[in-house]
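Here's the letter readout for the chains.
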Amino acid sequence: GAVVSQHPSWVICKSGTSVKIECRSLDFQATTMFWYRQFPKQSLMLMATSNEGSKATYEQGVEKDKFLINHASLTLSTLTVTSAHPEDSSFYICSAWGRQGVDSPLHFGNGTRLTVT
Amino acid sequence: AQKITQTQPGMFVQEKEAVTLDCTYDTSDPSYGLFWYKQPSSGEMIFLIYQGSYDQQNATEGRYSLNFQKARKSANLVISASQLGDSAMYFCAMREFTSGTYKYIFGTGTRLKVLA
């Protein structure tokens, strides 16, 4: 149980275009989702906390106009990288708490590798 | 200031020996949670162990135990009887409520290599 599905697994786009990444909780309701960015051999950097029905809370240094997060339902959160540039190339991971809430471990999507050419 | 600090970028341990991976944290939330995850080369995140800030006893899960020293704000992971399959990246993470929202922050990680 507590499966998080993330799509696409990888995407290549041209500089200046926008890319949407979807994160779905398949068998549970996720009121809170976390979006991370991970560089090779580095840690997960929290980009934003996404709460269903409200605006996402972005971490300092993360451009909210560039990384648009929408959490329209209890099972879906999306991250849109707008006007992507090569420096946005990275591995993006979404995650959500399981049914036990804040004391439960995160369930992670499989990540999206974004390459901007 | 770093919220989660892992000072050991890399560690080696002999197979069947125990190893301690260090983690210190900083938060003003009195009700926080601490987690350890393992990330093998395949990339998936594997949950290992959890410690709540109000838990009186150190958490244990099989060969994993968490040495929780609240006053020192440390939550070190102890892996007993290391196995070759334990070679991976290990992340300490903290869940806190701050500035009106939950945050779930990861440390920089420790790469563990188990030697045969």
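These notes cover the structure that comes with them.

So, how was this worked out
- Residues numbered from 1 in each chain as written.
- Chains lettered and ligands numbered in written order.
- Predicted model: local features only at pLDDT ≥ 70, side-chain atom pairs only at ≥ 80, totals over all residues.
- Heavy atoms only, no water.
- Disulfide = S-S within 2.5 Å.
- Helix = DSSP H or I, 4+ residues; strand = E, 2+ residues; numbered from the N terminus.
- Buried < 20%, exposed > 50% of the residue type's maximum accessible area, 1.4 Å probe, protein only.
- Pairing = 2+ DSSP bridges.
- Axes fitted to C-alpha atoms, helices over the stretch in contact; angles between N-to-C directions.
- Phe/Tyr/Trp six-rings, centres within 6.5 Å; stacked < 30°, edge-to-face > 60°.
- Lys NZ or Arg CZ within 6 Å of the ring centre and 35° of its normal.
- Core = buried A, V, L, I, M, F, W, Y, C linked by side-chain atoms within 4.5 Å.
- Contact = heavy atoms within 4.5 Å.
- Salt bridge = Lys/Arg side-chain N within 4 Å of Asp/Glu carboxyl O.

1. Quick look at the state of the cysteines
- According to the stated counting rule, one finds 2 disulfides over all chains in the structure shown.
- Note on cysteine connectivity: C23 of chain A is disulfide-linked to C94 of chain A, with sulfurs 2.0 Å apart. Residues C23 of chain A and C94 of chain A are joined by a disulfide whose S-S torsion is about 80°; by sign, that bridge is right-handed. Of this pair, C23 of chain A sits in strand β3 (residues 19-25) while C94 of chain A sits in strand β9 (residues 90-97), placing them 71 residues apart in sequence.
- Taking the relative accessible area as the measure of exposure, C23 of chain A reaches 0% and is therefore buried.
- Across a sulfur-sulfur distance of 2.0 Å, C23 of chain B and C92 of chain B are joined as a disulfide pair. Handedness here is read from the sign of the S-S torsion; for C23 of chain B and C92 of chain B, about -65°, the answer is left-handed. A residue pair is termed long-range when its members are at least 10 positions apart, and C23 of chain B in the loop between β3 (19-21) and β4 (24-25) and C92 of chain B in strand β10 (residues 88-98) qualify at 69 residues.
- Taking the relative accessible area as the measure of exposure, C92 of chain B reaches 0% and is therefore buried.

2. Re unusual backbone geometry
All names here are of chain A.
- Going from H7 to P8, the amide bond is cis rather than trans, its omega being 0°.
- Within the element layout of this structure, P8 appears in the loop between β1 (4-7) and β2 (10-13).
- At K41, a residue that is not glycine, the phi angle is positive and equals roughly 60°.
- Relative to the assigned elements, K41 resides in the loop between β4 (32-38) and β5 (44-51).

3. Observations concerning the sheet that holds β1 of chain A
Residue and element names in this part refer to chain A.
- As summarised here, the arrangement of the 4 strands in space is β1-β3-β8-β7, forming an open sheet in which the pairing is antiparallel. Only two strands of the sheet have a single partner each, and these edge strands are β1 and β7 (67-73). Geometrically, the sheet is characterised by an average inter-axis angle of 15° between neighbouring strands, direction not taken into account.
- One ladder, built from 5 bridges, connects β7 with strand β8 (residues 76-81); its direction is antiparallel. Looking across to β8, one finds that S73 is bridged to L76.

4. Quick word on the packing of aromatic side chains
Residue and element names in this part refer to chain B.
- Inspection of every chain in the model, using the stated rule, returns 19 aromatic pairs over all chains.
- When the centroid spacing of 6.4 Å and the interplanar angle of 25° are considered together, the rings of F35 and Y37 count as stacked. Comparing F35 with Y37, the two get one shared label, buried.
- Each ring, one from F97 and one from Y102, has its centre 4.8 Å from the other, and the planes form 70°; the classification is edge-to-face.
- Residue classification places Y102 among the partly exposed positions, given a relative accessible area of 27%.
- When the ring centre of Y64 is taken as reference, the NZ or CZ atom of R63 above it lies at 5.7 Å.

5. Here we look at the nonpolar core
- Formed by 43 residues in total, the largest nonpolar core has its most connected members in W36, Y104 and F106 of chain B.
- At 7 residues, β10 of chain B tops the list of elements feeding residues into this core.
- Dropping the residues within four chain positions of it, F106 of chain B is found in contact with Y36, S43, L44, L106 and F108 of chain A together with I4, Y37, M45, F91, C92 and A93 of chain B.

6. Comments concerning the pattern of salt bridges
- Taken as a whole and assessed by the stated rule, the structure comprises 7 salt bridges over all chains.
- With a shortest N-O distance of 2.9 Å, D88 of chain A and K66 of chain A are connected by a salt bridge. Of the two residues, D88 of chain A sits in the loop between β8 and β9 while K66 of chain A sits in the loop between β6 (57-58) and β7, which places them 22 residues apart along the sequence.
- Using a relative accessible area of 4% as the deciding quantity, one classes D88 of chain A as buried.
- Classification of K66 of chain A as buried rests on a relative accessible area of 11%.
- Residue D26 of chain B pairs with K73 of chain B through a salt bridge whose shortest N-O separation is 3.3 Å.

So far we have only geometry, and geometry alone does not tell us how the molecule works.
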